[in-house]
Number of protein chains: 2
Amino acid sequence: MSPSIEDALGFFRLSCGRWRSQRSSHHLLHRRAEAGGSFIEVVELGLEDPRLRAIAELHGQDPAGLVGGCRVTWSGSMAWDKAGEAHEGESVFALIPHDERGRAGLLLRDRGYAETAPVAGHFAMDDRDELLLTTDYETMSTLERFRFSGPDVRLRTSTVQGLSNTASFCVETRLPAGGAGEVGAAARDPREKAPAGALSPLGW
Amino acid sequence: MSPSIEDALGFFRLSCGRWRSQRSSHHLLHRRAEAGGSFIEVVELGLEDPRLRAIAELHGQDPAGLVGGCRVTWSGSMAWDKAGEAHEGESVFALIPHDERGRAGLLLRDRGYAETAPVAGHFAMDDRDELLLTTDYETMSTLERFRFSGPDVRLRTSTVQGLSNTASFCVETRLPAGGAGEVGAAARDPREKAPAGALSPLGW
């Protein structure tokens, strides 16, 4: 069973580190599945980090409600990209819980994928310590479920409904500390296909 | 949002019909993902069906607790099979709820994948009407989560822990009534790769 996770901030802290992500994306209309992979790094940001306050203000939220946040960077390319073409990106997330236990509330980020306006997601942890994230964009809505299968494996199921309906699944395995440069290596290696940017509104 | 589903029998009734299944299987150690596809047919069995009573007795359960069951047939082949090599199979499932609402209890079947002894799974529906199924085999345990994304799309996430650790994801789309013979066509078409038998202890 997964470890007991106290709150959403705890869930994000468990997510910190370097991950290798295997993704499958299923296109419901085209009946196609695409595979990909990427490298992801998650770093916690302290409450004093000015980026968190800036994100809260960007969303019209009171920064006093912040409990923390993180910065996520990713690198990868889609299976349908030309060899060597890579997607890299970075996003900052801020958490503002709305309940006393810190298990439900707003997930704010500096940008959404394919949208210019900042978008707030709503998170809620269930009684199995899985984290559900729902986000409504102008043209689509997403539902994502994150689950730890032990401390070093994170599973993510996502559905996107809107202009195109897709369902995707990520298996993320923790990379050992150190070994810097793998992200760059992945981006250069055409065998490492990665859908990070293109498949999730979250981008990671 | 998914429709409101009263109980596990209702969930199984929604599953009745013919489905096309797209599957991705992720091998955590080998860091490989495999794609596949299969055709699945689910038919409800009436309470008077002698196969349901037989399954209850096989598991040492009182047949009076049965609320229903279904027969599942599948056809497909794995991506790593030789072209034309197909897996076909059939399994019968019986439901014995243990709560008053019929949302949690035992899922009995006539056989488990790769195990000769009959194995009982434990199901529980959560407050989002998703169905979780846990099964402990002698050499492995599985956790499966089923969710309807509308009446014609069913998503399934599975993890298998034991001899080999895999995580898989299925997107199942309902096929229109009629059009008989597609199952056979799929089995003959080497482009239709299907993991049904090999990837899920349930086999479907």
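Cut-off values and rules
- Residues numbered from 1 in each chain as written.
- Chains lettered and ligands numbered in written order.
- Predicted model: local features only at pLDDT ≥ 70, side-chain atom pairs only at ≥ 80, totals over all residues.
- Heavy atoms only, no water.
- Helix = DSSP H or I, 4+ residues; strand = E, 2+ residues; numbered from the N terminus.
- Buried < 20%, exposed > 50% of the residue type's maximum accessible area, 1.4 Å probe, protein only.
- Contact = heavy atoms within 4.5 Å.
- Least-squares fit on C-alpha atoms with pLDDT ≥ 70 in both.
- Pairing = 2+ DSSP bridges.
- Buried area = accessible area lost by both parts, 1.4 Å probe.
- Salt bridge = Lys/Arg side-chain N within 4 Å of Asp/Glu carboxyl O.
- Polar contact = N/O pair within 3.5 Å; in protein donor to acceptor, adjacent residues only side chain to side chain.
- Nonpolar A, V, L, I, M, F, W, Y, C, P; charged D, E, K, R; others polar.
- Phe/Tyr/Trp six-rings, centres within 6.5 Å; stacked < 30°, edge-to-face > 60°.
- pLDDT = per-residue confidence, 0-100.
- Arc of directions from axis to C-beta.

Remarks on the overall build of chain A
Phase 1: Within chain A, the secondary structure is distributed over four helices and 10 strands.
Phase 2: Going residue by residue from the N terminus, the α and β elements of chain A occur as α-β-β-α-β-β-β-β-β-β-β-β-α-α.
Phase 3: Looking at the 204 residues of chain A, the share that counts as buried comes to 56%.
Phase 4: Taking the contacts inside chain A whose residues are at least 6 apart along the sequence as the reference set, 54% of them involve residues at least 24 apart.

As for the relation of the copies chain A and chain B
Phase 1: Placing chain A over chain B gives an RMSD of 0.0 Å and needs a rotation angle of 180°, together with 0.0 Å of translation along the axis. Taken together, the turn and the small shift mark the pair as related by a two-fold rotation axis.
Phase 2: A shared binding surface is used by both copies, with 100% of the interface residues of chain A retained as interface residues in chain B.

Remarks on the pairing of strand β5 (residues 104-109) of chain A
Residues and elements named next belong to chain A.
Phase 1: With five of six residues buried, β5 is to be regarded as a mostly interior element.
Phase 2: Where strand β4 (residues 87-97) meets β5, five bridges bridge the pair, whose relative direction is antiparallel. From the neighbouring strand, Pro97 faces β5, where its bridge partner is Gly105.
Phase 3: Hairpin remark: β4 followed by β5, antiparallel, with six residues in the connecting loop; positive phi at Gly102, about 75°.
Phase 4: When β5 meets strand β6 (residues 120-125), the two strands line up antiparallel, connected through five bridges.

What about the interface of chain A and chain B?
It is common to give the size of an interface as the accessible area that goes away when the parts come together.
Phase 1: Facing the 29 residues of chain A at the interface are 29 residues of chain B.
Phase 2: Across the interface of chain A and chain B, roughly 2,400 Å² is buried in total on both sides, 55% from carbon and sulfur atoms.
Phase 3: For the pair chain A and chain B, the number of links is two salt bridges.
Phase 4: Between Glu130 of chain A and Arg145 of chain B there is a salt bridge, with the nearest N and O atoms lying 3.1 Å from each other.
Phase 5: At the surface where chain A touches chain B, the tally comes to 11 residue pairs in polar contact (both at pLDDT 80 or more).
Phase 6: Of all the secondary-structure elements, those providing two or more residues to the side of chain A that touches chain B are β1 (17-27), β2 (32-45), β8 (140-148), β9 (153-162) and β10 (166-174) of chain A.
Phase 7: With six residues, β1 of chain A is the largest single contributor of residues to the side of chain A that touches chain B.
Phase 8: Residue composition of the side of chain A that touches chain B, by class: 10 nonpolar, 10 polar and nine charged.

Topic: the side chain of Asp129 of chain B
Phase 1: Assignment of secondary structure puts Asp129 of chain B in the loop between β6 (120-125) and β7 (131-136).
Phase 2: Judged by its relative accessible area of 11%, Asp129 of chain B falls in the buried class.

Section: the packing of aromatic side chains
Phase 1: Scanning the model with the defined rule gives five aromatic pairs over all chains in all.
Phase 2: Relative to Phe169 of chain B, the ring of Phe169 of chain A lies with its centre 5.2 Å away and its plane at 25°, an arrangement referred to as stacked. One end of the pair, Phe169 of chain A, is in strand β10; the other, Phe169 of chain B, is in strand β10 (residues 166-174), on a second chain.
Phase 3: Put simply, the rings of Phe11, Trp19 and Phe148 of chain A pair up and form one aromatic cluster.

Some thoughts on the pattern of salt bridges
Phase 1: Taken as a whole and judged by the stated rule, the model has 26 salt bridges over all chains.
Phase 2: We note a salt bridge from Arg147 of chain A to Glu130 of chain A, for which the minimum N-O separation is 3.6 Å. Placement of the pair is Arg147 of chain A in strand β8 and Glu130 of chain A in the loop between β6 and β7 (131-136), with a sequence separation of 17 residues.
Phase 3: Where Asp126 of chain B meets Arg145 of chain B, a salt bridge forms, and the shortest distance between an N and an O atom there is 3.3 Å. With Asp126 of chain B in the loop between β6 and β7 and Arg145 of chain B in strand β8 (residues 140-148), the pair connects residues that are 19 residues apart, well separated along the chain.
Phase 4: Residue classification places Asp126 of chain B among the buried residues on the basis of a relative accessible area of 17%.
Phase 5: What you see here is one network of salt bridges that share partners, running through Asp126, Glu130, Arg145 and Arg147 of chain A together with Asp126, Glu130, Arg145 and Arg147 of chain B.

Observations regarding the confidence of the model for chain A
All names here are of chain A.
Phase 1: Confidence in the prediction of chain A, expressed as mean pLDDT, is 81, and 77% of residues score 70 or more.
Phase 2: Counted against residues more than four places away or in other chains, residues 180-204, with its pLDDT under 50, gives 79 contacts.
Phase 3: In the predicted complex, the global pTM is 0.77; the interface-specific ipTM is 0.70.

Some remarks on the environment of Ser164 of chain A
Phase 1: By the element assignment, Ser164 of chain A lies in the loop between β9 and β10.
Phase 2: Taking the C-alpha atoms as reference points, Ser164 of chain A and His27 of chain A, 137 residues apart in sequence, are found 7.9 Å from one another.

A look at helix α1 (residues 8-15) of chain A
All names here are of chain A.
Phase 1: The buried count for α1 comes to six of eight residues, which makes it a mostly enclosed element.
Phase 2: Restricting attention to buried positions, one finds in α1 the residues Ala8, Leu9, Gly10, Phe11, Phe12 and Ser15.
Phase 3: The first or second residue beyond α1 is Gly17, which carries a positive phi of 125°.

Regarding the side chain of Ser21 of chain A
All names here are of chain A.
Phase 1: Here Ser21 shows up in strand β1.
Phase 2: On the accessibility criterion, Ser21 (3% relative accessible area) is buried.
Phase 3: In contact with Ser21, other than residues within four places in its own chain, are Gly36, Gly37, Ser38, Ile40, Cys170, Val171 and Glu172.

Some details on helix α1 (residues 8-15) of chain B
Phase 1: Taken residue by residue, α1 of chain B has Ala8, Leu9, Phe11, Phe12 and Ser15 of chain B as its buried positions. What you see down the axis of α1 of chain B is that its buried residues fit within an arc of 155°, all on one side.

Notes on the environment of Thr142 of chain B
Phase 1: Mapping Thr142 of chain B onto the fold places it in strand β8.
Phase 2: With 28 residues separating them in the primary sequence, Thr142 of chain B and Cys170 of chain B have C-alpha atoms 15 Å apart.

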